[in-house]
Amino acid sequence: MEIAVVGTGEFILGFRLAGVRKTYAAETGERLVEQINRVLQDRDVGILVLKGSDMERIPPLRLRTTLENSVKPTVIAIGGEEGGLSMRERIKRSVGVDLWK
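Residues numbered from 1 in each chain as written. Predicted model: local features only at pLDDT ≥ 70, side-chain atom pairs only at ≥ 80, totals over all residues. Heavy atoms only, no water.

Secondary structure summary: the protein contains five helices and four strands in total. When the helices and strands of the protein are read in sequence order from the N terminus, they spell out β-α-β-α-β-α-α-β-α. Counting the 101 residues in the protein, one finds 39% classified as buried. Taking contacts inside the protein between residues at least 6 apart in sequence as the whole, the part at least 24 apart equals 49%. Per element, the accessible surface of the protein, about 6100 Å² overall, is 53% carbon and sulfur. (Helix = DSSP H or I, 4+ residues; strand = E, 2+ residues; numbered from the N terminus. Buried < 20%, exposed > 50% of the residue type's maximum accessible area, 1.4 Å probe, protein only. Contact = heavy atoms within 4.5 Å. Areas by Shrake-Rupley, 256 points an atom, 1.4 Å probe, with all protein chains shown as cover.)

This part takes up the confidence of the model for the protein. For the protein, per-residue confidence averages 82 on the pLDDT scale, and residues scoring 70 or more make up 80% of the total. For the protein, helix α5 (residues 87–95) is the element with the lowest average pLDDT, namely 66, and strand β2 (residues 22–25) is the one with the highest, namely 96. (pLDDT = per-residue confidence, 0-100.)

Turning to the nonpolar core, a few remarks are in order. In this structure, Val6, Ile36, Leu48, Leu50, Ile58 and Leu67 are the most contacted members of the largest nonpolar core, which totals 16 residues. Those residues in contact with Ile58, other than ones at most four positions away along the chain, are Leu32, Ile36, Leu50, Leu63, Arg64 and Leu67. Counting residues in hydrophobic clusters, the runner-up holds five residues, among them Val5, Ile12, Val20 and Val49. (Core = buried A, V, L, I, M, F, W, Y, C linked by side-chain atoms within 4.5 Å.)

This paragraph deals with the pairing of strand β1 (residues 2–7). As paired strands, β1 and strand β3 (residues 45–51) are joined by four bridges and run parallel to one another. Note on β3: the bridge partner recorded for Ala4 is Leu48. Taken together, the four bridges between β1 and β2 define a ladder with parallel strand orientation. Bridge pairing in β2 links Gly7 to Ala25. Read from β1 through helix α1 (residues 9–17) to β2, the crossover connection turns out right-handed. (Pairing = 2+ DSSP bridges. Right-handed = clockwise from strand over helix to strand, strands pointing away.)

Given below as structure tokens:
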């Protein structure tokens, strides 16, 4: 399983430097949706990282609902709101148990 990161050039740069190979630049809302759909079709991706503000820019219809409920890939929003779910809740969904208990 691989990690994919979608966001602005500045956001993905740190992940590139850390060795994440699947980084996708998306400066506009339209490009953001295109890149997210591309990642969702990639079966090798286990974690999708987005900036919290980018998560809020996604149209609140089908795609945002898909991301908020996705287990594979698990979607992690960094900074700001995390789509209403805490990191603990996202891990619990993806793993199936509450690791904090």
